[in-house]
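Spelled out from the first residue to the last, the chains are:
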Amino acid sequence: MIELKNVCKSFRVSKRGAGFGNAVKALFRREYETVEALRDVSFTIGDGEIVGYIGPNGAGKSSTIKIMSGILTPDGGECVINGRVPWRDRVAHVREIGVVFGQRSQLWWDVPVIDSFELIRDIYKVGASEYGKTLDELTERLSLSEILKTPTRQLSLGQRMRCEIAASLIHGPKILFLDEPTIGLDAVSKLAVRDFIRDIHREHGTTVILTTHDMRDIEALTERVILIGKGRILMDGPLDTFFENISVRVDGGDGGLDEMVAALYEELEI
């Protein structure tokens, strides 16, 4: 069970004008601006749910994921996941979660992928028999057999993302946080990743929280969608219900899902 109540998070960001003169001034006196990333964010996600967490760039999606994974500590509010506060009991918490950030890697760049998997196995203290069984399953389902001995730096983006997802599942987490896992992937790789996520959710009852700008991922995978904008939760429910009361319409009355979401963002001014 994931429970967030009135979670707030702000960041202090330095600002300066362009040019050498402003750069010199900033060495002695910096100007700062406080950015509110999250404002009273509240929602509950039950065990075994698969939920899409959507919103425009800068809406607060990644900040929420980082708080739920224990990377960030909020300024206020409560976050309890499976009875634990992520940033206070992080060692026990991370044993039950897997995290994939589409623009960051958890694999060691210069060593073969299988060595990264072995290191992750040691970190989580996964038993040899359990690790072997999990590795065989992940290798078969994500078609990794031909790239396990290849250094991460030599992989294509699609290959690396398949390995990133496998790495996040080596220790058998109950919850999987996916932050833009299909970013930059070709159509074939996207379909493979979607099929795999669907399979592990169905077979293992894994709770999945998916953030993405690709609405086809949301349509294909999620049963429920949470919309965040300007740090606040704006809507929460089945995807179809999001568009029932939009006054802004796409050209021709019926557009694709991306156009409908863009119209929704325009309607909500986010």
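First things first, this report covers the structure right here in the doc. For every chain, the first residue of the written sequence is number 1, and numbering continues from 1 along that sequence. In view of the model being predicted, local features appear only for residues whose pLDDT reaches at least 70, and side-chain atom pairs are presented and counted only at 80 or more, with totals across whole chains, interfaces and linings using the full set of residues. Side-chain calculation: all heavy atoms of the structure are included, whereas hydrogens and water are not.

### Observations regarding the sheet that holds strand β7 (residues 207–211)
Sheet architecture is open: six strands sit in the order β5-β6-β7-β3-β8-β9, paired in mixed fashion. The sheet is open, and its two edges are formed by β5 (97–101) and β9 (232–237), each paired on a single side. Averaged over all neighbouring strand pairs, the angle between strand axes comes to 15°, with direction disregarded. At least two DSSP bridges between two strands are needed for those strands to be called paired. Put simply, DSSP H or I for four residues or longer makes a helix, DSSP E for two residues or longer makes a strand, and each gets a number counted from the N terminus. Across five bridges, the pairing between strand β8 (residues 224–229) and β9 is antiparallel. Bridge assignment links I228 to a residue of β9, and that residue is I233. Contacts are assigned to residue pairs with any non-hydrogen atoms lying within 4.5 Å of each other. In this analysis, axes come from line fits to C-alpha atoms, helices being fitted only over the stretch in contact, and the angle between any two N-to-C directions falls in the range 0 to 180 degrees. Each of β3 (50–54), β5, β6 (175–179), β7 and β8 touches helix α2 (residues 61–68); the most contacted strand, β7, lies at about 150° to it. Strands β5 and β6 of the sheet are contacted by helix α6 (residues 157–169), whose axis makes an angle of about 160° with β5.

### Let's talk about the nonpolar core
Nonpolar side chains in soluble globular proteins tend to be buried together. As used in this record, nonpolar core signifies buried Ala, Val, Leu, Ile, Met, Phe, Trp, Tyr and Cys residues forming a set joined through side-chain atoms within 4.5 Å. Per-residue accessibility, obtained with a 1.4 Å probe over protein chains only, is compared with the maximum for each type, and a residue is labelled buried under 20%, exposed over 50%, and partly exposed between these values. Membership of the largest hydrophobic core comes to 43 residues, with the highest contact counts inside it found for F117, L144 and C163. Per-element tally for this core: the top contributor is α6, with six residues. In contact with C163, other than residues within four places in its own chain, are L107, V113, F117, L144, I147 and L155. Of all hydrophobic cores here, the second largest spans 25 residues; its members include I2, V7, V51 and I97.

### So, unusual backbone geometry
In the Ramachandran plot, D40 falls in the positive-phi region, its phi being about 55° despite a non-glycine side chain. Inspection of the secondary structure puts D40 in strand β2 (residues 31–45). Exposure remark for D40: the relative accessible area of 48% places this residue in the partly exposed category. For K230, which is not a glycine, the phi torsion comes out positive at approximately 55°. Mapping K230 onto the fold places it in the loop between β8 and β9.

### Some remarks on the packing of helix α4 (residues 113–124) against helix α5 (residues 128–141)
Their axes nearest at 11 Å, the elements α4 and α5 cross at an angle of 140°. On the basis of their axis angle, the class for α4 and α5 is oblique. Seen along the crossing, α4 lies across α5 with a hand that is right-handed. Listed contacts from α5 to I114, F117, E118 and R121 of α4 are A128, Y131 and L135. Here the term charged refers only to Asp, Glu, Lys and Arg, the term nonpolar to Ala, Val, Leu, Ile, Met, Phe, Trp, Tyr, Cys and Pro, and the term polar to all other amino acids, Gly among them. Tallied by class, the residues present in the contact of α4 with α5 amount to five nonpolar, no polar and two charged. For classification, angles of less than 35 degrees are called roughly parallel, those exceeding 145 degrees roughly antiparallel, those between 65 and 115 degrees roughly perpendicular, and all remaining angles oblique. By convention the crossing between two helices is left-handed if the near helix lies anticlockwise of the far one by an angle smaller than a right angle, and right-handed if it lies clockwise.

### Quick word on the packing of aromatic side chains
The way to describe two aromatic rings as a pair is by their centre distance and the angle between their planes. Each Phe, Tyr or Trp ring, with Trp reduced to its six-membered ring, pairs with another whose centre is within 6.5 Å; inter-plane angles below 30 degrees give stacked pairs, above 60 give edge-to-face pairs, and intermediate values give tilted ones. Counted by the stated rule, this structure contains one aromatic pair. Only when the NZ atom of a Lys or the CZ atom of an Arg is both within 6 Å of the ring centre and within 35 degrees of the ring normal do we say a charge sits over the ring. The ring centre of Y32 lies 3.7 Å from the NZ or CZ of R12, which sits over that ring.

### Some remarks on the sheet that holds strand β4 (residues 76–81)
The three strands are arranged β2-β1-β4 in an open sheet whose pairing can be described as antiparallel. Strands with a single pairing partner mark the edges of an open sheet, and in this sheet they are β2 and β4. When strand polarity is set aside, the average angle formed by the axes of neighbouring strands in this sheet is 30°. When strand β1 (residues 2–15) meets β4, the two strands line up antiparallel, connected through five bridges. Bridge pairing in β4 links K5 to E78.

### Side note on the pairing of β1
Both β1 and β2 contribute to a ladder of eleven bridges, which runs antiparallel. Paired with K9 across the bridge in β2 is L38.

### Here's the deal with the pairing of β3
Summarising burial for β3: five of the five residues are buried, a large majority. Of the two faces of β3, the one holding I50, G52 and I54 and the one holding V51 and Y53 are both buried throughout. Alignment of β3 against β7, held across three bridges, turns out to be parallel. Bridge assignment links V51 to a residue of β7, and that residue is I209.

### Overview of the state of the cysteines
Count a disulfide wherever a pair of cysteine sulfur atoms falls within 2.5 Å. Scanning the entire structure with this criterion turns up zero disulfides. Free of any disulfide, C79 has its nearest neighbouring cysteine sulfur in C8, separated by 13 Å. The buried category is assigned to C79, whose relative accessible area is 1%.

Purely geometric numbers; function is a separate question.
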